[in-house]
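Now for the letters of each chain:
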2 protein chains.
Amino acid sequence: MARILITSGPTRQYIDPVRFLSNASSGRMGAALATAALRAGHEVLIVSGPVEIAYPREACVVPVMTTAEMLAEAERLFPTCDGVIGVAAPCDYRPCEVSPHKLSKTGKRLVLSFVETPDIIATLGLSKRPDQWVVGFALETDDPRLRAVRKMNAKNCDMLVLNGPSVINSPVAEVEILRRPDVTVAKLCGSKRVLGRKIFQIIEKTLILPTP
Amino acid sequence: MARILITSGPTRQYIDPVRFLSNASSGRMGAALATAALRAGHEVLIVSGPVEIAYPREACVVPVMTTAEMLAEAERLFPTCDGVIGVAAPCDYRPCEVSPHKLSKTGKRLVLSFVETPDIIATLGLSKRPDQWVVGFALETDDPRLRAVRKMNAKNCDMLVLNGPSVINSPVAEVEILRRPDVTVAKLCGSKRVLGRKIFQIIEKTLILPTP
């Protein structure tokens, strides 16, 4: 039995008390992976941004809002886990300044500066122990495979699941599973529930079971 | 029986194929108002941004994504309706440029310019026929009542429901109902389901039943 950390859902970066930058990640793939891992007898911890879906009851869920919060909880929990599946879609940019008041319309342009948020899976991948494994997810619109392979290597992921933008907040998906340094392990498509099970089976076979 | 248009939920303004500016509006108050109006025997049309909640089956729901789409559908439907309840939280800013590709991290600051989107309730309020009524909602963090009264008059709303930022994506709320020019009709608090019913009762008594 492995103890598995899953990051799931989007994060939000507020520009004022009401408005935020985010993405449409629903947490569905995270929930599907958690269900598959629990059914296989593993222990599951989920650090999740705000989602409307329900995670399986047997999972321990830690809710977060921002990318910094997700990173902090993931860094706190990862040392106690055998591996992490980073299926979250953390918001990559945060505003340099957050207005404490709701911005009022003035009729003029609103110019906002954003800085990049820390990369959660890269942080975990580059600090992992030799006995730990890291699975990343990537969503690319251009040169997807090339960019995904680069990301997998740069973030020190053992495996990377690549999907296209149509996956976000959709019940179905089409994914390609890559291993270091640039091998395609599988191409899968189907509902997120079925895909979650198939992806988890590959993770289990490749990364969990070989571990003594 | 009245034919009632309800705008509900958030809208999204994408900056690239994945990331967008939005807010946490859930559509719950819109659904509660729709339920109350349907139970009272009225016909309900809902123009809604992306939400996870379910609207009552008897309502006709038109899904939209952006503020411009919400405005276009609301302008198309409003002439066929007796009144509109604008409980949506349309995104007030759209990026001047939308990247067709997912923005890649560069390590540098990202500077984005936004322009204001058209005000849906002001557009409907300022073009309404004498036999039509308009109810707006406002969410203010500072000088709430003063700003709400100004909004109600500027947008030519017959009634305005004022709530604080804690209302967003929460099951409960605390609201103040204002009428022209600056009269407080009621202060209410409770679950959104109960509030939706009470607010609708006031709308019905004040704006629908007096109409011949």
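Just so you know, these numbers come straight off a predicted model, no measurement behind them.

Asks: Requested: an account of the packing of helix 2 (residues 67-77) of chain B against helix 3 (residues 120-127) of chain B, with residues and values cited.
Replies: All names here are of chain B. Where helix 2 meets helix 3, the closest approach of the two axes is 10 Å, and the angle between their N-to-C directions is 25 degrees. Considered as vectors, helix 2 and helix 3 are oriented roughly parallel to each other. Considering the relative orientation of helix 2 and helix 3, their crossing is right-handed. Of the residues in helix 3, those in contact with Thr67, Met70, Leu71, Ala74 and Glu75 of helix 2 are Ile120, Thr123 and Leu124. Here the contact of helix 2 with helix 3 is composed, by residue class, of five nonpolar, two polar and one charged.

Asks: Describe the relation of the copies chain A and chain B, with residues and values.
Replies: The two copies are related by a screw motion: chain A maps onto chain B through a turn of 180 degrees and a shift of 0.0 Å along the axis, at an RMSD of 0.0 Å. Overall, the copies show the geometry of a two-fold rotation axis. Closest approach to the rotation axis among the C-alpha atoms of chain A is made by Leu21 of chain A, whose C-alpha sits 2.3 Å away. A shared binding surface is used by both copies, with 100% of the interface residues of chain A retained as interface residues in chain B.

Asks: Requested: an account of the interface of chain A and chain B, with residues and values cited.
Replies: Between chain A and chain B, the contact holds 42 residues from the first and 42 residues from the second. Note on chain A versus chain B: buried area summed over both sides is about 3700 Å², and carbon and sulfur give 51% of it. If you sort the residues of chain A by the area they bury against chain B, Glu52, Tyr93 and Lys105 of chain A come out on top, with a joint share of 17%. One can count six salt bridges joining chain A with chain B. The salt bridge partner of Arg19 of chain A is Asp92 of chain B, with a shortest N-O separation of 2.4 Å. When contributions to the side of chain A that touches chain B are tallied by element, the ones reaching two or more residues are strand 3 (19-23), strand 8 (110-116) and helix 4 (144-154) of chain A.

Asks: Pulling in residues and values, what's your account of a positive patch on the surface?
Replies: Where like charges cluster on the molecular surface, the positive patch consists of Arg39, Arg193, Arg197 and Lys198 of chain A. Inspection of the secondary structure puts Lys198 of chain A in helix 5 (residues 192-208).

Asks: So, unusual backbone geometry: which residues are in play, and what are the values?
Replies: Across the junction of Arg180 of chain A and Pro181 of chain A, the peptide omega takes the value -10 degrees, indicating a cis bond. Structurally, the position occupied by Pro181 of chain A is in the loop between strand 11 (172-179) and strand 12 (183-191). Phi at Asp143 of chain B takes a positive value of approximately 45 degrees, unusual for a residue other than glycine.

Asks: So, the pairing of strand 12 of chain A: which residues are in play, and what are the values?
Replies: Residue and element names in this part refer to chain A. When strand 11 meets strand 12, the two strands line up antiparallel, connected through eight bridges. By the bridge assignment, Ala173 is partnered in strand 12 with Gly190. Connecting strand 11 to the next strand, strand 12, in antiparallel fashion are three residues.

Asks: Quick one: what's the story with the sheet that holds strand 2 (residues 13-14) of chain B, residue by residue and with numbers?
Replies: Pairing in this open sheet of four strands is antiparallel, and the strands run 2(A)-3(A)-3(B)-2(B) from one edge to the other. Lying at the two open borders of the sheet, with one neighbouring strand each, are strand 2 (13-14) of chain A together with strand 2 of chain B. With two bridges connecting them, strand 2 of chain B and strand 3 (residues 19-23) of chain B associate as antiparallel partners. If you follow Tyr14 of chain B over to strand 3 of chain B, its bridge partner there is Phe20 of chain B.

Asks: Hey, could you go over the side chain of His42 of chain B for me, with residue numbers and the actual values?
Replies: Residues and elements named next belong to chain B. You can see His42 is positioned in the loop between helix 1 (28-39) and strand 4 (43-48). The exposure class of His42 is buried, given its relative accessible area of 8%. Within the structure, the side chain of His42 is placed 2.6 Å from the side chain of Glu204, a separation counted as a polar contact. Dropping the residues within four chain positions of it, His42 is found in contact with Met1, Ala2, Ile4, Ala37, Phe200, Glu204 and Ile208.

Parameters at a glance
Throughout this document, residue positions are counted from 1 along each chain, in the order its sequence is written. Here chains are named by letter from A upward and ligands by number from 1 upward, in the order in which they appear as written. Where totals are concerned, whole chains, interfaces and linings use all residues; where local detail is concerned, this predicted model gives features only for residues with pLDDT of at least 70, and gives and counts side-chain atom pairs only at 80 or more. To get the side-chain values, all heavy atoms of the structure are used, and hydrogens and water are removed first. Structural elements are reduced to axes, namely lines fitted to C-alpha atoms, with helices fitted over the stretch in contact, and the angle between N-to-C directions of any two is expressed from 0 to 180 degrees. Strands are runs of DSSP state E lasting at least two residues, helices are runs of H or I lasting at least four, and both sets are numbered from the N terminus onward. For classification purposes, an angle smaller than 35 degrees is called roughly parallel, one larger than 145 roughly antiparallel, one from 65 to 115 roughly perpendicular, and anything else oblique. By the definition used in this description, the sense in which the near helix is turned from the far one sets the handedness, with an anticlockwise turn below a right angle giving left-handed and a clockwise turn giving right-handed. Note on contacts: a residue pair is in contact if any heavy atoms of the two residues lie within 4.5 Å. In this classification, the charged set is Asp, Glu, Lys and Arg, the nonpolar set is Ala, Val, Leu, Ile, Met, Phe, Trp, Tyr, Cys and Pro, and all remaining amino acids, among them Gly, are polar. Least squares is the method used to superpose the copies, on C-alpha atoms of residues holding a pLDDT of at least 70 in both. Accessible area that two parts lose when put together, evaluated with a 1.4 Å probe and summed over both, is termed the buried area. The rule for a salt bridge is simple: a side-chain nitrogen of Lys or Arg has to be within 4 Å of a carboxyl oxygen of Asp or Glu. Each patch groups residues whose relative accessible area exceeds 30% and which form no salt bridge, using 9 Å between like charges and 5 Å between nonpolar side chains of Val, Leu, Ile, Met, Phe, Trp and Tyr. Here the Shrake-Rupley method, with its probe set to 1.4 Å, supplies the accessible areas, and only the displayed protein chains count as covering residues. When charges are counted, neither His nor the chain ends are considered; positive counts come from Lys and Arg and negative counts from Asp and Glu. By convention, the charge on Lys lies at NZ, on Arg at CZ, on Asp at CG and on Glu at CD. A pair of strands is treated as paired once DSSP finds two or more bridges between them. Only protein chains enter the accessibility calculation, which uses a 1.4 Å probe; a residue is then buried when its area is under 20% of its type maximum, exposed when over 50%, and partly exposed in between. Polar contact criterion, stated in full: a pair of N or O atoms within 3.5 Å, where within protein one must be able to donate a hydrogen and the other to accept it, and residues adjacent in sequence count only if both atoms are side-chain atoms.

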